[in-house]
Amino acid sequence: MKEKVFNIIQIGDKSNRISRAFDVFITITIFANIAVTVLLTFQELAAFFFVFHIIEWITLLIFCVEYALRIWTADYLYPDKSELRSRLHFLISFDGIVDLLTIIPAFFLSGMVIFRMLRVARIFHLFRLNARYDSFNVITTVLYEKRNQIISSVFIVLILMLASSLCMYSVEHAAQPEVFRNAFSGMWWSMSTLLTVGYGDIYPITTLGRVMAIVIAYLGVGVVAIPTGIISAGFVEQYHRKSSISDWGREDIKEIAEVMVDSRLAGKCLEDVEEEGNTKVYLILRDSLSILPQKDTELQLGDVLILRDETIDEN
């Protein structure tokens, strides 16, 4: 019974109609919860607040039940850990923390401001759609793979912001002390300039300050282009990778075939490979071991996959 519940709420098996129905149901619940959270901020809809609160509590009850079921079935999510350790591991995981932060504010809405602010955490439920829809998962994959380059570009932005803010403060403080009162005022100006926002509430009036502003504005255009180019290149790489994966070995697969895991597939989760290649893996041969495939099995270089092409007509 526990395994069946786990397969429904956790894996999202496309061949399981109940699991697919649950995916649709929980997605609708998430959007309904977020929608009423937004609608409750409109005083013009005060006459409907009672209905909104009912919907909110129903969706929160669903989240509570799902949260309890996820804790109960956590030993299937982490089969290499004991029952207690697997549940603790889920509680400190991203999904577990988001689920908890979604539920807690409902019981402290009239308490401290920090608890009321935690209502925003329910929006992070949308990240769970990554496990259901590959289009969302591509974004997180690109950001994760390019994280080092993105962090480096952000570090460059911070250095330029600090340098430009101190320079502008030194030039403009004497001319307009009420505007550029300290380094933080310069930081606010440099942020709006380097990121090409341009609020216009703080601006230089001296000749030297305006010359520096022109140079910094040009630098800002280049700085913003760095992470944009990195992310764009990541999307292109991901697209080509998926295109190559979708075509690997297909011309050799008639029904059942053996496919050697190369660098394109190594490190990938089995579930992702099956979805991208539209195949079904029945067995994994690793050295002298025969491994029964699991959705979260990570493929290693040199593994042999015993699989079947799902696009072939059953006849």
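This is a predicted model, so every value here is computed, not measured. (Residues numbered from 1 in each chain as written. Predicted model: local features only at pLDDT ≥ 70, side-chain atom pairs only at ≥ 80, totals over all residues. Heavy atoms only, no water.)

(A) Representation of the overall build of the protein within the structure. A count of helices and strands for the protein gives 12 helices and four strands. Here the protein holds 315 residues, and 35% of them are scored as buried. Element-wise, carbon and sulfur atoms account for 67% of the exposed surface of the protein, whose accessible area totals about 18900 Å². (Helix = DSSP H or I, 4+ residues; strand = E, 2+ residues; numbered from the N terminus. Buried < 20%, exposed > 50% of the residue type's maximum accessible area, 1.4 Å probe, protein only. Areas by Shrake-Rupley, 256 points an atom, 1.4 Å probe, with all protein chains shown as cover.)

(B) Seen up close, the pattern of salt bridges. All told, the structure shown has four salt bridges when counted by the stated rule. With a closest N to O distance of 2.9 Å, glutamate 66 and arginine 70 form a salt bridge. Here arginine 70 and glutamate 66 lie together in helix α3 (residues 49–72), a separation of four residues that amounts to about one turn. Relative accessible area serves as the criterion here: at 4%, glutamate 66 is assigned to the buried category. On the accessibility criterion, arginine 70 (4% relative accessible area) is buried. (Salt bridge = Lys/Arg side-chain N within 4 Å of Asp/Glu carboxyl O.)

(C) Structural detail: the environment of threonine 196. Locating threonine 196 in the fold gives a position in the loop between α10 (183–194) and α11 (207–247). Note: C-alpha distance between threonine 196 and valine 221 (25 residues apart in sequence) is 6.9 Å. If we skip the residues at most four places from it in the chain, threonine 196 touches Gly220 and Val221. (Contact = heavy atoms within 4.5 Å.)

(D) Just the side chain of serine 192, in detail. Summarising the element assignment, serine 192 is placed in helix α10. Reaching out from serine 192, the side chain makes a polar contact with the backbone oxygen of tryptophan 189 at a distance of 2.9 Å. (Polar contact = N/O pair within 3.5 Å; in protein donor to acceptor, adjacent residues only side chain to side chain.)

(E) Looking closely at the confidence of the model for the protein. Predicted confidence across the protein gives a mean pLDDT of 78, with 79% of residues reaching 70 or more. For the stretch residues 249–253, pLDDT sits under 50, and the model shows eight contacts to residues farther than four places along the chain or on other chains. Residue range residues 311–315 is modelled with pLDDT below 50. Its contacts to residues more than four positions away, or to other chains, number seven contacts. (pLDDT = per-residue confidence, 0-100.)

(F) The arrangement of helix α9 (residues 147–172) in detail. With 26 residues, α9 extends 37 Å from end C-alpha to end C-alpha; this agrees with the ideal 38 Å at 1.5 Å per step. Among all positions of α9, only Ile150, Ser153, Val157, Met161, Ser164, Ser165, Met168 and Glu172 are buried. (Expected span 1.5 Å × (residues − 1).)

(G) Representation of the packing of aromatic side chains. Within the structure shown, the criterion is met by four aromatic pairs. Seen in terms of ring centroids, phenylalanine 49 and phenylalanine 52 are 6.4 Å apart; in terms of plane orientation they differ by 45 degrees. Their pairing is tilted. One end of the pair, phenylalanine 49, and the other, phenylalanine 52, are both in helix α3, three residues apart, so they sit about a helical turn from each other. Feature note: the residues Phe48, Phe49 and Phe52 constitute an aromatic cluster, connected by ring pairs. Sitting over the face of the ring of tyrosine 144, arginine 147 holds its NZ or CZ atom 4.0 Å from the ring centroid. (Phe/Tyr/Trp six-rings, centres within 6.5 Å; stacked < 30°, edge-to-face > 60°. Lys NZ or Arg CZ within 6 Å of the ring centre and 35° of its normal.)

(H) Local environment of the nonpolar core. Core analysis: the biggest nonpolar cluster contains 13 residues, and Phe63 and Phe90 have the highest contact counts within it. When contributions to this core are tallied by element, the ones reaching two or more residues are α1 (2–11), α2 (17–39) and α3. Top contributing element to this core by residue count: α2, with four residues. (Core = buried A, V, L, I, M, F, W, Y, C linked by side-chain atoms within 4.5 Å.)

(I) Molecular detail of α10. Spanning 12 residues, α10 covers 16 Å between terminal C-alpha atoms, matching the ideal 16 Å at 1.5 Å per step. Along α10, the positions that sit buried rather than exposed are Ser185, Gly186, Trp189, Ser190, Met191, Ser192, Thr193 and Leu194. At the exit of α10 stands threonine 196, carrying a positive phi of roughly 55 degrees.

(J) The arrangement of a nonpolar patch on the surface in detail. A surface patch of nonpolar side chains, amounting to about 450 Å² of accessible area, comprises Phe50, Val51, Ile54, Ile55 and Ile58. Relative to the helices and strands, isoleucine 58 resides in helix α3. (Patch = residues over 30% accessible without salt bridge, like charges linked within 9 Å, V, L, I, M, F, W, Y side chains within 5 Å.)

(K) Inspection of the environment of leucine 283 at higher detail. Residue position: leucine 283 is located in strand β2 (residues 279–286). Owing to a relative accessible area of 26%, leucine 283 belongs among the partly exposed residues under this scheme. Remark: the alpha-carbon pair of leucine 283 and isoleucine 306, spanning 23 residues in sequence, is separated by 5.1 Å. Not counting the four nearest positions on each side in its chain, leucine 283 is found in contact with Ser290, Ile291, Leu292, Pro293, Val304, Leu305 and Ile306.

(L) Quick peek at the environment of isoleucine 26. With respect to the element layout, isoleucine 26 can be found in helix α2. A C-alpha to C-alpha distance of 9.2 Å links isoleucine 26 and threonine 59, two positions 33 residues apart in sequence.

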